[in-house]
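Spelled out from the first residue to the last, the chains are:
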Amino acid sequence: MLVVLYSLVAAIVTGFHIFSLKYLESVKDNTYLILSGVVLLAIVSRYSIYHAMKYTDNPTIVHLFLNFSTFITFFLSIWVFKINNFDLIYFLSGMILISIGFFLINKSYCIVKK
């Protein structure tokens, strides 16, 4: 269960890290403060990945959770940059397919392990 916790923390922090790189180019003030945050987020995300890897013998599980950082970046972009040029149906379909894919990969690993 700790692999899930650390992987989700890493995904959330990675999402914020990637978003902050784009945000950095849109601000003129506090550039050094934001850049410091970018570096800190990178360190925290890698630290969380390292700890997640300690609790599993299959790094695919950790990497699969890391893909959820895409949604963090997406929702932050909607909120901060006010993007609206996407199709909600396709996006939600993608979220469902990713969730199904995660379940299938995780289930296949559990079946083999028994």
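Preceding this section is the structure that the text describes.
Throughout what follows, the structure given in this document is the object of discussion. (Residues numbered from 1 in each chain as written. Predicted model: local features only at pLDDT ≥ 70, side-chain atom pairs only at ≥ 80, totals over all residues. Heavy atoms only, no water.)

Remarks on the packing of aromatic side chains
- As enumerated under the stated definition, the model contains 14 aromatic pairs in all.
- Aromatic side chains Tyr 6 and Tyr 55 sit 5.9 Å apart centroid to centroid with 10 degrees between the ring planes, which places their arrangement in the stacked category. Residue Tyr 6 is located in helix α1 (residues 2-26), and its partner Tyr 55 is located in the loop between α2 (31-54) and α3 (59-66); the two are separated by 49 residues in the primary sequence.
- Exposure remark for Tyr 6: the relative accessible area of 25% places this residue in the partly exposed category.
- Tyr 55 sits in the partly exposed class, given a relative accessible area of 43%.
- Arranged with centres 5.9 Å apart and planes meeting at 85 degrees, the rings of Phe 75 and Phe 91 form a pair that is edge-to-face. Of this pair, Phe 75 sits in helix α4 (residues 69-81) while Phe 91 sits in helix α5 (residues 88-113); the two residues are 16 residues apart in sequence, bridging distant segments of the chain.
- The class of Phe 75 is partly exposed, set by a relative accessible area of 44%.
- When its relative accessible area of 16% is taken as the criterion, Phe 91 is described as buried.
- By the ring-pair criterion, three or more aromatic residues cluster together here, those being Phe 65, Phe 68, Phe 71, Phe 74, Phe 75, Phe 86, Phe 91 and Phe 102. (Phe/Tyr/Trp six-rings, centres within 6.5 Å; stacked < 30°, edge-to-face > 60°. Helix = DSSP H or I, 4+ residues; strand = E, 2+ residues; numbered from the N terminus. Buried < 20%, exposed > 50% of the residue type's maximum accessible area, 1.4 Å probe, protein only.)

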